[in-house]
Every structure is written in C-alpha cells, then in structure tokens.
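Structural description and commentary
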Amino acid sequence: MKTPAAAHACGVMLVLLSLPAVLQTTPAQKNVIDIYSLNVDSKVSSRFAHTVVTSRVVNRADTMQEAVFQMELPKKAFITNFSMIIDGVTYPGNIKEKDAAQEQYSAAVARGESAGLVKVTGRKMEQFQVSVSVAPAGKVTFELVYEELLKRHLGVYELLLKVRPQQLVKHLQMDIHIFEPQGISFLETESTFMTNELANALTTSQNETKAHIRFKPTLSQQQNSPEQQDTVVDGDFIVRYDVNRTLSGGSIQIENGYFVHYFAPTGLPTIPKNVIFVIDKSGSMDGKKIQQTREALIKILDDLSPKDQFNLISFSNEATQWKPSLVPASAKNVEEAKSYAASIHAQGGTNINDAMLMAVQLLEKANREELLLPGSVSLLLLLTDGDPTVGETSPTRIQKNVKDAINGKYSLFCLGFGFDVSYPFLEKLALENGGLARRIYEDSDSALQLQDFYLEVANPLLTNVAFEYPSNTVEEVTQDNFQLLFEGSEMVVSGKLQDQNPDVLSATVTGQLLMQNVTFQMESRVAEQEEEFRSPKYIFHGFMERLWAYLTIQQLLEKMVSASDAEKQALEIQALGLSLNYSFVTPLTSMVVTKPEGQEQSQVAEKPIENENRHRSIPSGHAVFRDHTQGGQGPRLLKVRFPGMLHSFSSRQGLPGPLHFHHHSSFGRTLDSGLASMPAPPGLYEEFHEMDLALKEITQTVLPPAELPAPLHPLPSPASQLVLPAPGTSYAVPAPIQAPSVILPLPGQSVDRLCVDIKHSRGPMNLLSDPDQGVEVTGHYKRNKAQFSWIKVTFKKPQLQVHVSPEQVVVTRDRRSSAYKWKETLFSVMPGLVLTMDKAGLLLLSSPDKVTIGLLYWDGPEPGVRLLLQDTDRFSSHVGGTLGQFYQDVLWEPSAAADDSKRTLKVQGRDHPATREPKLDYQEGAPGTEISCWSVEL
C-alpha cells in the first residue's frame, strides 16, 4: 500500500474526536455506490474483544459520488484505528490529545460542517458516519478497529454487533472466534434480522474452550424476496456465553508479560440485605412512568428474601416513609408494601435532599437499635426523573449532605428515569457512596429495566473484597479493592509482571461473608499460560496488555467523576497518556484522518458523553417540542411528524405534506385527534425554530372541517359500507363468526381440529404441563374479551420463561429478562431451543424433540394473544392441564344418526359434547379465515 508522503501538508484533515461499527449507504446511493465486500471479524480472547470491520465499495456511476461509511458500536468500546484506502493510497488515522485537534474542530464548527458526527443511537450503541468523494469507477476500502472488555451481567457475557449494509452485498461475511481457557459453559446467538433462509448461512462450532460462529449469506439469502432487491440483513447480531467456574472462582491468565485475574466464585450463600427504596413521586413522574415504577416495585418486592429487611420512602414536596422503621420481608409485610406501592400517585415537586437524609436516618436508627443482622449489607436505591426543585436544590450541597450522612457505611445506587434528570449529578452521588448510576429509558420495557437493575444488586455474596499478589512479582495493578461482589457479576484485576518473571504467579483474595473472613488461594504457572495463548492463530496476540490498558483507562475515567479538582487533573494526565500510548479514542483523545486533497478541510466527530444526552438530536422528519405545564405536573411532549425531509422548510408556506399531532399528556393518555391530516397552523415554523411550543398554541388553531384536506388513506364512503332497509322492513343479522379460545390439532385422529372455547375461567389457568417434555404453559383468559391477556411458557431445559401480553414479549433466562416488541424479527438459538418471531407477530418455540409452541399477537377488535401447537405427537403420556387433557385417553363416540353435527368426546372418563360449527382460524393472524371444526366448551 502507498501512503501519501505529504498527507499532513497538502491533504485535508478529518477530525474524529471518537468513533463508534457498521457500514451503511443512504437510499440515494444504492444504485451508484456498491458495497461489494463487507467483512466483520471479531476475536474474543479471555473476554477481550478485538473487532475489525472492513468494507470495500466502488462507484459505478459516471460522475463523482459520495461514499458514506456509517457504523455503530458499543458505547464502552474504544476505537483503535480507522483508515481509508482510496485508489491504492492509504489515509490513516492518528490519535491526538483532544486539545491538539481543537483548531480543526473549531474551524469545522464555524463552517457548519457536521458530517462524521458521532451520536447515541440507542441504549448501548453509538453511531459514527464519515463520507468521502469517489471518482467514477473509483474504489475505497474502509477499515475500522475497536476493542472492548466484555462485562459479565447477570451471569453472561454479551457481544453485540450491528449489521446494516442497506443493500445486497456480494461478499458478506461475519466471523466470531471465542477462546476461553476456563472452558465455555454455554453459548447462544440471537438476531433481529434472521430468517429461515438466512439461518442456513449461520454455522456454529464449539469445543471445550473454543467457539467459532460464521455468518456468510449468499445474495439470494439476503434478498427480501425474489422480486425485491432490498436486503433483510439489517439489525443486531448478539452472542452470549459464560465460562466454567469452581468454588474458588478464580482464574489467572497470563500473556506476553501481563496477567488478568477473573474472580466470580460459585456456591456462596447470599448475604441478607437491608434495602430502602427511595421513590420519586413528583408531578413529572405522572402517567406511564409512575405506572411502570409501581409495576416494577411490586415485582421487586416479591423478589425479597425472607431474611431481608426493607422500607419504602416516596417523595415529592416532602418525603414520606411507609413504616417508621425497617421491617422483615415476611409474606405479610411484602403484601402490605405492595399495596402501598400500588397506591403511589405522582404530584408536586422534587425534594431529593430530604428523602435521601430520611433514608440514611432509617438505617442509622436501625443500626443504633441493633436491629440489623450482623454482617448484612445495607443498600439505598434512589429512583428519580428530574432535578431537585424543593428544599435544598443545589446538587453540590445535596451530594455533600448525602456523603456526610452515609459516611462510607452504606451503598447508594441511583436510577435516572428518562432524560430530564441530571445524570452527572446522580452518577457522582452514587460513585461517592460505593454504588453506581444507571439511566432508565422511557419505553414499554421501563419496568423491566428497573427489575433488571435490582436483580444485579439483589444477591450480595461478599463484602470488602481485596486482591493480594507478591509485591516482588507484579506492578501497575488495576483496582484491587472492591466493596461488594454480587451474584452474576465478576471482578477483574489486571497488571504487569515484573521483568524477573516468576515461575508461578500466586494470588490471595479475601472478603467477608456474614462477619466471617473468607480467603481464596490460587496460582497460575506462567510458562504454561504464556504457551496457551501463544499458539492459537485465531486470537489477537498481545491482547492482554491492551486489556490492562483498557481497564485502567475505564477505571481512571470513573474515578474522575467523583474526584476533587486536584485529583481529577492527575487522573486525567494518566488516562490521557495511556490513551495515546495504546491508540485508544477516548473522551480525552481525538483521531485525525487525512483525506484526499481538494475535499472538505475537515469533518468533526465528538464522542457522546452520558451527561450531554439531555439535549438529544432530533431524527430527520421529526420535531419534538416540550410543553412545560403548571402545577408541578412536569413536561409534556408534543411530537410533530413531517413526512417530508426537514430541508424542505424553505419558507413559512413550504411545509411538506400534512402534519400529525400526537399529544402525550402528563396523565399518560394519548390524544390522536382529527388534526391528524391538517396543514401546518400559522406560526408553526417560527415555533419550530424556537423549539418551545406551548400546547395551547397548537390546539387553539384548528381549521374548520371544510378546509381540512382529504386524509392520506381515504375510507370508503358510509354509503358503500351500509345499506339501510326500507321503512317498515325487518331482517335478522347473522351472528359474526368468532375465533375459538384455542385450536388444538389432535394426533392420531381422523377428525378435524378441535376448537376449544373457554367459558368458565377464573384467574390464571394451567393450560399445559408435561414433566417429560419439561414444559409448562399457563395463561389468563378474559371471557369478556374472548382473549388471553397473557400466556407464560416455562421450560426446564434450558431454564427459560417466555411471557407474552398484547404489549410485549418478555424472555427470561437465568434471571435475565429481555423485552421485544411484537412483529419485530427475532431469531435466537440456544442449546436445546430455538426462538423465532416474524413480522406477522408469530413467536415460535421449537426444538427437535419437543412440542412446538406458538404464541401469536391477535390484532382484533380487542388485542390479545393466542396459543398455537404443532408436533403434538411428541407429548408424553404424563401431559396434563386444561388443554393437555385432550392428549390423553381421548375417545370419540359415534354421532347420532339423526344429527351428524353433534358428537361426544370422552376425555379421561369425562364426556364433552362437541358440535360441528364454523369458526375463525386465527393461526394465520387477524382477521382469520373461516373453517369448520368440532367445538367444545370448557
């Protein structure tokens, strides 16, 4: 490859203050910029992932075109290299201190350029975009390299890759190599774009310590359909795994003079905890947020152990405690607390200071009165969605007050609900008091996010954990003291071996378990470890030194949050030095990439920081206006959706197309009125630029019905829908054909399918239970709606639970819950089970030797969920339940001679009258097709 000799002199600079991985073209480029090769290669060596994305494009147009390279990668990842090869010339990236690139940054901002801007694209990802001009028939190779240390969360490591080419790619390949010396205990993959055709392009091979996952689809497999040239490859590809562990829980691994020590012991009992939930019930929490908080809190209370103690504090203008002191988590107390949680309503201001001091005083009182179990762990969980507005409102003084009150004795965990809260305030509050902060995103799964966070801290295993190594053998060791170890997590310590490498590296880990000192001893033979990592070709060699640098930088950046000004400067200097030495793009560094002469002088990207997310970017075609209401009711959102592009706003009269108004009120209601298709009200353009639109200024400007344009999708005229009879005539309206509660295919029967109508249900029902199959299906049937309001499927192997409702699909495995929206493609492969969901809303749970269970979203007049069964001949003789009974000892009595539409069905000695009648077959989705089947009522 040729490198431009005078690139810095005559070339043009692209400043990337941080880049986050996947190639994408804009729709307009699909026919001219052709991605003919896209390769994603990820090597995971002992939890450290090194990912290389290589994309090759060619300009097939007769004129100069813009090639856009758009990528998404995890927020916690660090870019280590980005380069472009244009017509054989390499334009490399160089890591610089951020201040050193300020001149190019300022110049680009002054010109109003924004290409290459990095922005947050979701909860876990960041997006980087860069463009370059390409001559006719010109070729460009983009290469991005990034690294991250996979963190153990609720018992698993997760590698998330985005694959979004947005066009068919002739050579598309993804390879993931995993090497774990401890041994891989389980491995699963999940995809949001996989189809049955694409599944044939996915291969997984695995032995005790290694796994290789390859995804290599052909052009035809990528196609949406034979008639369409659009690709279906668009979304997430996730790999989850865990490793084998012992009671010692320790694994010391050594490579190239550096070591990493992983510590996650098994078999330890859970330490009882004293937990106080501090819940914001101010006016801004009204609506869905307080509803989801109540829902989550009720489920969290159910998860408390009888050995735990707890209390609840809710606050708005004032703080109120549920009980005067901590109480045991007995069944009676938990039920009372759930009733209290269900009664929490939102109104008023936000008095965080008094609420937190009240919570600390409760623990102090219990401590003085010796009510806390010796050796137990005390936790404070704060949930708020806004800044303090009542009482002490200075964030700095609140932080000092809370820190002085806690005095290092308790751990504080802060949850920020939404983006109206100051996340840096909560993060510092938590880190100063031995905890951590987490943002809860406003979405349909907010309650699950709250439960998920609680599960992370629900089971403490050890306190005051310390790692010790012989002082004459190691140096530059990362953090080696930790306040708490929780079940499902992992402690990681890394360092450098001294020049005189020992033959054996030994380590001692100490901690406390219920007032008892616990010691773990372990050792690792240096030569054997070095050899183990030296031989494999599929790992990224020299990775452990980079792992050490990555971990050190992350810990230094975290310490900077709660450090004093003097300490912060020293930490920043150290983190900056490591970032430059190891070519990591961090919040302290920038990457400068040269570009061909004659193109824009610079493009600027800045790594998003969590505390800057309060001002989110507005997606193209959407404008969001905030309506600040009176009386502490909090902000309301008015979303204005423009079907056209934002650049069409060239004049006040130039608003493209109709506007759609969706008013999300502070009471959680959604108003979709007849304004849906009206043209823009006068003055809206100016309000759009001010980004502050009072709700009344919109709702008061309503055009008369005669001036409203026709709707986008005109309905047939009423006359075409309804024919009225002549006066005095009468007629009978036939009853509409209904879908049965459940349609059952019966194995070994010559009769048609059985339609079961549930007429006498009370509460949750045991629908199916087969201990030999290791599966149980329960559900709640609403007779007044003739629908299941929820269905839950539980598998023993693998241990998995799928809970579906009209709102969402929740998959729980080993305490980890993931929420999915209906009609979003899902393809998850795990040992012994495959989960798939298509865009029609059909979720299938299948296994080669198990009954296939289908769960279907029913979008009828009353939304609900439906149950489908396939391969029912696989039920064992021990199957039971309301529906399972029909797969045991079923006998059809001969029909009466006079009426062959009626028969008797004998099930386990009981007679069930069956009638032949028309029903709606729901199995293909709403509205259903008419079938004739035998109907039985239960």
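Residues numbered from 1 in each chain as written. Predicted model: local features only at pLDDT ≥ 70, side-chain atom pairs only at ≥ 80, totals over all residues. Heavy atoms only, no water.

Looking at the overall build of the protein
The cut-off we apply is this: Where helices and strands are cited, they refer to DSSP runs of H or I of at least four residues and of E of at least two residues respectively, numbered from the N terminus. Three labels apply to residues, based on accessible area from a 1.4 Å probe with only protein chains included: buried if under 20% of the type maximum, exposed if over 50%, partly exposed otherwise in between. Note that accessible areas follow from Shrake-Rupley with a 1.4 Å probe, and for residues the cover is restricted to the protein chains shown.
Helix and strand counts for the protein come out as 16 helices and 56 strands. Taken over 938 residues, the protein has a buried fraction of 54%. Accessible surface, the protein: about 42000 Å² in total, of which carbon and sulfur atoms supply 50%.

Section: the packing of helix α9 (residues 423-431) against helix α12 (residues 543-562)
Put simply, the rule is: Helix axes are fitted only over the stretch in contact, all axes being lines through C-alpha atoms; the angle between N-to-C directions runs from 0 to 180 degrees. Put simply, angles under 35 degrees are roughly parallel, angles over 145 are roughly antiparallel, angles from 65 to 115 are roughly perpendicular, and the rest are oblique. Should any heavy atoms of two residues lie within 4.5 Å, those residues are counted as being in contact. Asp, Glu, Lys and Arg are counted as charged, while Ala, Val, Leu, Ile, Met, Phe, Trp, Tyr, Cys and Pro are counted as nonpolar; the rest, among them Gly, fall into the polar class.
Here α9 crosses α12 at 100 degrees, and the two axes come no closer than 8 Å. It follows that α9 is roughly perpendicular to α12 by the angle criterion. Contacts from E427, K428 and L431 in α9 reach E558, V561 and S562 in α12. Classifying every residue of the contact of α9 with α12 gives two nonpolar, one polar and three charged.

Examining the layout of surface pockets
Heads up, the rule is: A 1.4 Å probe that fits into a set of points on a 1 Å grid over the protein atoms alone but cannot get out defines a cavity; an open set with protein on both sides within 12 Å along at least five of seven lines defines a pocket, and lining residues are those with an atom within 4 Å of a point. Grid points are joined across faces, edges and corners, and a volume is the space filled by probe spheres set on the points.
Each pocket or cavity is described by its volume, and for the second largest pocket that value is around 830 Å³. In this structure, the second largest pocket is lined by 24 residues; those nearest its centre are E295, K299, H803, Q808 and V810. Of all elements in the fold, only α5 (288-302), α10 (446-457), β44 (787-795), β45 (800-804) and β46 (809-813) reach the threshold of two or more residues within the lining of the second largest pocket. The class makeup of the residues in the lining of the second largest pocket is five nonpolar, 11 polar and eight charged.

Overview of the side chain of S378
Selection rule: Within 3.5 Å is the distance limit for a polar contact, defined as a pair of N or O atoms, with the added protein rule that one can donate a hydrogen and the other accept it, and that residues adjacent in sequence qualify only through two side-chain atoms.
One can find S378 in strand β25 (residues 377-384). Side-chain polar atoms of S378 contact the side chain of N274, separated by 3.1 Å. Aside from chain neighbours lying at most four places away, what touches S378 is N274, L363, L372, Y410 and S411.

A word on the sheet that holds strand β3 (residues 48-59)
For clarity, the threshold we go by: Pairing between strands is defined by DSSP: at least two bridges between the two strands are required.
If you walk across this open sheet you meet the eight strands as β6-β5-β10-β3-β2-β12-β15-β14, and the pairing is mixed. Where the open sheet ends on each side, the last strands, each with one partner, are β6 (89-91) and β14 (202-206). Averaged over all pairs of adjacent strands, the angle between their axes in this sheet comes to 10 degrees, without regard to strand direction. With nine bridges connecting them, strand β2 (residues 33-45) and strand β12 (residues 171-179) associate as parallel partners. Paired with L38 across the bridge in β12 is L172. Across the sheet, α12 lies against β2, β3, β5 (78-86) and β10 (139-149), angled at about 70 degrees from β10, the strand it touches most.

Side note on the packing of aromatic side chains
Applied cut-off: Pairs were defined over the aromatic rings of Phe, Tyr and Trp, the Trp ring being its six-membered one, requiring ring centres within 6.5 Å. Orientation was assigned from the angle between planes: stacked under 30 degrees, edge-to-face over 60, tilted for the rest. Remark: a charge is flagged as sitting over a ring if the NZ atom of Lys or the CZ atom of Arg is within 6 Å of the ring centre and within 35 degrees of the ring normal.
For the structure on display, the rule yields 27 aromatic pairs. Where F179 meets F533, the ring centres are 5.6 Å apart and the plane angle is 80 degrees; that geometry is what we call edge-to-face. Of the two residues, F179 is situated in strand β12 and F533 in helix α11 (residues 526-534); the sequence distance between them amounts to 354 residues. The pair formed by F179 and F533 is uniform in burial state, with each residue classed as buried. Between Y781 and F788, the ring centres sit 5.0 Å apart and the planes meet at 75 degrees, which makes this aromatic pair edge-to-face. Classification of Y781 as buried rests on a relative accessible area of 7%. The structure contains a cluster of three or more aromatic residues connected by ring pairs, namely F48, F78, Y550 and F584. If you follow R47 out to its NZ or CZ, it ends over the ring of Y262, 3.7 Å from the centre. The ring of F186 carries R813 above its face, with NZ or CZ at 4.7 Å from the centroid.

Considerations on the nonpolar core
Within soluble globular proteins, side chains that are nonpolar tend to cluster in buried spots. This is how it is decided: Residues belong to a common nonpolar core when they are buried Ala, Val, Leu, Ile, Met, Phe, Trp, Tyr or Cys residues joined through side-chain atoms within 4.5 Å.
F263, F277, L301, F310, L462, V465 and F467 are the most contacted members of the largest nonpolar core, which totals 62 residues. V465 has contacts with F263, D480, N481, F482, L485, M491, V509, T510 and G511, leaving out every residue within four places of it along the chain.

Looking at the sheet that holds strand β29 (residues 474-475)
On the basis of which strands lie adjacent, the open sheet formed by four strands has the order β19-β20-β31-β29 and antiparallel pairing. Here the strands that pair on one side only, and so sit at the sheet edges, are β19 (250-255) and β29. One ladder, built from six bridges, connects strand β20 (residues 258-263) with strand β31 (residues 491-497); its direction is antiparallel. When the sheet's bridge partners are listed, Y258 is paired in β31 with K496. Across the sheet, α11 touches β19 and β31, and the angle it forms with β19 is around 70 degrees. Along the sheet face, α12 touches β19, β20 and β31 and points at about 60 degrees away from the line of β20.

Comments concerning the pattern of salt bridges
Condition: We count a salt bridge whenever a side-chain nitrogen from Lys or Arg sits within 4 Å of a carboxyl oxygen from Asp or Glu.
Applying the stated criterion across every chain yields a total of 33 salt bridges. The partner of K273 in a salt bridge is D308, with the nearest N and O atoms 2.7 Å apart. You can see K273 sitting in strand β21 (residues 273-280) and its partner D308 sitting in the loop between α5 and β22 (309-315), a full 35 residues away along the chain. Look at D308 and you get buried, because its relative accessible area is 2%. The partner of K332 in a salt bridge is E336, and the shortest N-O contact between them spans 2.7 Å. With K332 and E336 both in helix α6 (residues 331-342) and four residues apart, the pair spans about one turn of that helix.

A closer look at α6
Selection rule: To estimate the expected span of a helix, count its residues, drop one, and scale the result by 1.5 Å. As used here, the arc is the angular range of directions from the helix axis to the C-beta atoms.
Look at α6: 17 Å from first C-alpha to last across 12 residues, which is about the 16 Å you get at 1.5 Å a residue. Buried residues of α6: N333, V334, A337, K338, Y340 and A341, and no others. Relative to the axis of α6, the buried residues are bounded by an arc of 160 degrees and lie together on one face. Along α6, the residues that are exposed and aim more than 90 degrees away from the buried face are A331, K332 and S339. For α6, the secondary structure elements touched by its buried residues are α5, β22, β23 (319-321) and β24 (327-328).

Remarks on the pairing of strand β51 (residues 852-858)
For β51, the tally of buried residues reaches seven of seven residues, placing the bulk of the element in the interior. In terms of strand pairing, strand β50 (residues 842-846) meets β51 through four bridges, oriented antiparallel. Of the residues in β51, the one forming a bridge with L844 is G854. As consecutive antiparallel partners, β50 and β51 are separated by five residues. Bridge count for β51 against strand β52 (residues 864-870) is seven bridges, and the pairing is antiparallel.

A closer look at the confidence of the model for the protein
What counts here: Each residue gets a pLDDT score, which is the predictor's confidence in that residue and runs from 0 to 100.
Considering every residue of the protein, the mean pLDDT works out to 80; 78% of them sit at 70 or more. Mean pLDDT values over the elements of the protein span from 30, in strand β36 (residues 622-628), up to 97, in β22. Note that residues 113-117 has pLDDT below 50 and, in this model, 18 contacts with residues that lie over four places away or in other chains.

A look at α12
With 20 residues, α12 extends 30 Å between its outermost C-alpha atoms, agreeing within 8% with the 28 Å of an ideal straight helix rising 1.5 Å per residue. Burial of α12 is extensive: 15 of the 20 residues sit out of reach of the surface.

Regarding the environment of S411
Within the fold, S411 resides in strand β26 (residues 411-417). Linking S411 and V377, residues 34 residues apart in sequence, is a C-alpha distance of 8.5 Å. Here the side chain of S411 touches Q483 through a polar contact of 3.1 Å, side chain to side chain.

Brief notes about the side chain of Q787
Topologically, Q787 is positioned in strand β44. Here R866 takes part through its side chain, which lies 3.4 Å from a polar atom of the side chain of Q787. With residues near it in sequence (within four places) discarded, Q787 still touches H780, Y781, K782, W858, E862, G864, V865 and R866.

Let's talk about the packing of α5 against α6
The contact between α5 and α6 brings their axes to 9 Å, and the two run at 175 degrees. Judged by the inter-axis angle, α5 sits roughly antiparallel to α6. Between α5 and α6, the residues in contact are R294, L297, I298, L301 and D302 and V334, A337, K338, A341 and A342, respectively. Taken together, the residues that form the contact of α5 with α6 break down as seven nonpolar, no polar and three charged.

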